[in-house]
Amino acid sequence: MVEVLCIGHSAYDVTLPLKGYPVENQKYSINSKVECGGGPAANAAYLLSKWGVSTAYIGLLGDDIYGQKIMNEFIDVGTDISLVKVDKNFSTPYSTILVNTRNGSRTIINCSEPSYSLGISSSKLKELNPKIILFDGHELETSIKVLKLFPNSITILDAGSVREGTITLAKKVDYLIASERFALTYCKMSSMNNEMDYEKVINQLKTLNGGQIVITLGERGLIYEENNQIKQLAAYNVNAIDTTGAGDIFHGAFAYGLIKDFPFLSNLKFSSMASAISVETLGGRKSIPSVDDVLETLK
């Protein structure tokens, strides 16, 4: 039995810091890099385990050096990886991340093979019996099976982009926490800049999901609906060096807040602070702050 189950994508990230965005057909030299596991659901699972929450992760990895490094990271923080599928015929997804340290923006180049059914039996899944389930839209077949097995679990979707998995799961979860990119693509809009835009997007997403909707807007904070009113929560003022993993950290922190029964708005502030602190450090998973740092900074 675990408190949180995270299902979705894993990748091995290599972050390369640059003072500006690279120009085509030029050569650049750097004297440092950051390597660690990545992926939306995987990062959330790592964060929750690091913060002392009993957490399981389900995903697909290759039987290679990158897959082993990711598994070792999970082992180090105590994540239940008993249902991670490791396949010698599959290559662990690999991401090269170019970070512009002048403004914190990151450009991700992900190399991954098509995924396939994990084939996890219902009997093994039932042993987990999670209170909360976090999805990122990958591993759709397993995600649907888990939803049917645990109808009373609280569910969260990290909707980063519009794809079959995110659209299907968005209709079924309690908390749809969508990126600006997902919201704009789904609503066929080019930008969100004012209250009229926010209302239009929220109302359109409500036709997709009947639960709680949150849209994260990066350095502009987030928007959500409460008591039939669209509200905005401003982002915390930080010196962004690298925004890699900031959204993943927000989602993992939000799941933590649900475990701890934080009130909804308090949880949004808590998750936003965890995400804000992370962008001041280079790297995704390695930028995860301690839960004590987040709580202390909020004070």
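Residues numbered from 1 in each chain as written. Predicted model: local features only at pLDDT ≥ 70, side-chain atom pairs only at ≥ 80, totals over all residues. Heavy atoms only, no water.

Caption draft 1: The pairing of strand S9 (residues 132-135), seen in detail. Neither face of S9 is open: one carries Ile132 and Leu134, the other Ile133 and Phe135, and all of them are buried. Pairing of S9 with strand S10 (residues 154-159), which is carried by four bridges, proceeds in the parallel orientation. Among the inter-strand pairings, Leu134 is bridged to a residue of S10, identified as Ile156. You can see the chain leave S9, run along helix H4 (residues 140-149) and come back into S10, and the turn it takes is right-handed. (Buried < 20%, exposed > 50% of the residue type's maximum accessible area, 1.4 Å probe, protein only. Helix = DSSP H or I, 4+ residues; strand = E, 2+ residues; numbered from the N terminus. Pairing = 2+ DSSP bridges. Right-handed = clockwise from strand over helix to strand, strands pointing away.)

Caption draft 2: Representation of the sheet that holds strand S8 (residues 106-111) within the structure. The four strands lie next to each other as S3-S2-S7-S8, forming an open sheet whose pairing is mixed. Single-partner strands in this sheet number two, and they are strand S3 (34-38) and S8. Averaged over all neighbouring strand pairs, the angle between strand axes comes to 25 degrees, with direction disregarded. Summarising the sheet, strand S2 (residues 11-18) and S3 pair through five bridges and their orientation is antiparallel. Paired with Thr15 across the strands is Val34, a residue of S3. (Axes fitted to C-alpha atoms, helices over the stretch in contact; angles between N-to-C directions.)

Caption draft 3: The pattern of salt bridges, seen in detail. All told, the structure shown has seven salt bridges when counted by the stated rule. Between Glu35 and Lys33 there is a salt bridge whose closest N-O contact spans 2.9 Å. The partner of Lys231 in a salt bridge is Glu226, and the shortest N-O contact between them spans 3.1 Å. Classification of Lys231 as partly exposed rests on a relative accessible area of 27%. Overall, Glu226 belongs to the partly exposed group, its relative accessible area being 25%. (Salt bridge = Lys/Arg side-chain N within 4 Å of Asp/Glu carboxyl O.)

Caption draft 4: Layout of the packing of aromatic side chains. All told, the structure shown has 13 aromatic pairs when counted by the stated rule. Here the aromatic rings of Phe90 and Tyr116 are separated by 6.4 Å at their centres, their planes lie at 80 degrees, and the arrangement is edge-to-face. Residue Phe90 is located in the loop between strand S6 (85-87) and strand S7 (94-100), and its partner Tyr116 is located in the loop between S8 and helix H3 (122-126); the two are separated by 26 residues in the primary sequence. Here the aromatic residues Trp51, Tyr256, Phe262 and Phe270 are joined through ring pairs into a cluster of three or more. Positioned above the aromatic ring of Phe74, the side-chain terminus of Arg285 is 5.2 Å from the ring centre. (Phe/Tyr/Trp six-rings, centres within 6.5 Å; stacked < 30°, edge-to-face > 60°. Lys NZ or Arg CZ within 6 Å of the ring centre and 35° of its normal.)

Caption draft 5: Main features of the sheet that holds strand S13 (residues 222-226). Sheet architecture is open: eight strands sit in the order S4-S1-S9-S10-S11-S12-S13-S14, paired in mixed fashion. Every interior strand has two partners, whereas the edge strands, strand S4 (55-58) and strand S14 (229-233), have only one. Direction aside, the axes of adjacent strands within the sheet are offset by 20 degrees on average. Pairing between S13 and S14: five bridges, direction antiparallel. In the strand pairing of S14, Leu222 is matched with Leu233. Across the face of the sheet, helix H7 (residues 195-206) comes into contact with strand S12 (212-216), S13 and S14 while running at roughly 135 degrees to S12. (Contact = heavy atoms within 4.5 Å.)

Caption draft 6: Representation of the nonpolar core within the structure. Counting residues in each nonpolar core, the largest one holds 47 residues, and the members touching the most others are Cys6, Trp51, Ile156 and Leu268. Among the elements that make up this core, the one with the highest residue count is helix H8 (residues 246-259) (eight residues). (Core = buried A, V, L, I, M, F, W, Y, C linked by side-chain atoms within 4.5 Å.)

Caption draft 7: Up close: unusual backbone geometry. Positive phi outside glycine occurs at Asn228, with the angle close to 65 degrees. On the secondary structure map, Asn228 appears in the loop between S13 and S14. For Asn228, a relative accessible area of 71% translates into the label exposed. Even without being a glycine, Asp261 presents a positive backbone phi close to 60 degrees. By the element assignment, Asp261 lies in the loop between H8 and helix H9 (264-278). Given the relative accessible area of 60%, Asp261 is considered exposed.

Caption draft 8: Region of the structure containing the packing of H9 against helix H10 (residues 291-298). Between H9 and H10, the shortest axis-to-axis distance is 9 Å and the interhelical angle comes to 110 degrees. Taken as axis vectors, H9 and H10 run roughly perpendicular relative to one another. The element H9 and its partner H10 pack so that their crossing is right-handed. Contacts between H9 and H10 involve Lys269, Phe270, Met273, Ala274 and Ile277 from the former and Val291, Asp293, Val294, Leu295, Thr297 and Leu298 from the latter. Residue composition of the contact of H9 with H10, grouped by class: eight nonpolar, one polar and two charged. (Parallel < 35°, antiparallel > 145°, perpendicular 65-115°, else oblique. Left-handed = near helix turned anticlockwise from the far one by under 90°. Nonpolar A, V, L, I, M, F, W, Y, C, P; charged D, E, K, R; others polar.)

Caption draft 9: Local environment of helix H2 (residues 65-77). In this model, H2 (13 residues) spans 19 Å end to end at C-alpha, consistent with the 18 Å of a helix rising 1.5 Å per residue. The complete set of buried residues in H2 reads Gly67, Ile70, Met71, Glu73, Phe74 and Val77. Buried residues along H2 cover an arc of 155 degrees about the axis, so they all sit on one side. Projecting away from the buried face of H2 at angles above 90 degrees are the exposed residues Ile65, Ile75 and Asp76. Count one or two residues on from H2 and you reach Gly78, which has phi positive near 85 degrees. (Expected span 1.5 Å × (residues − 1). Arc of directions from axis to C-beta.)

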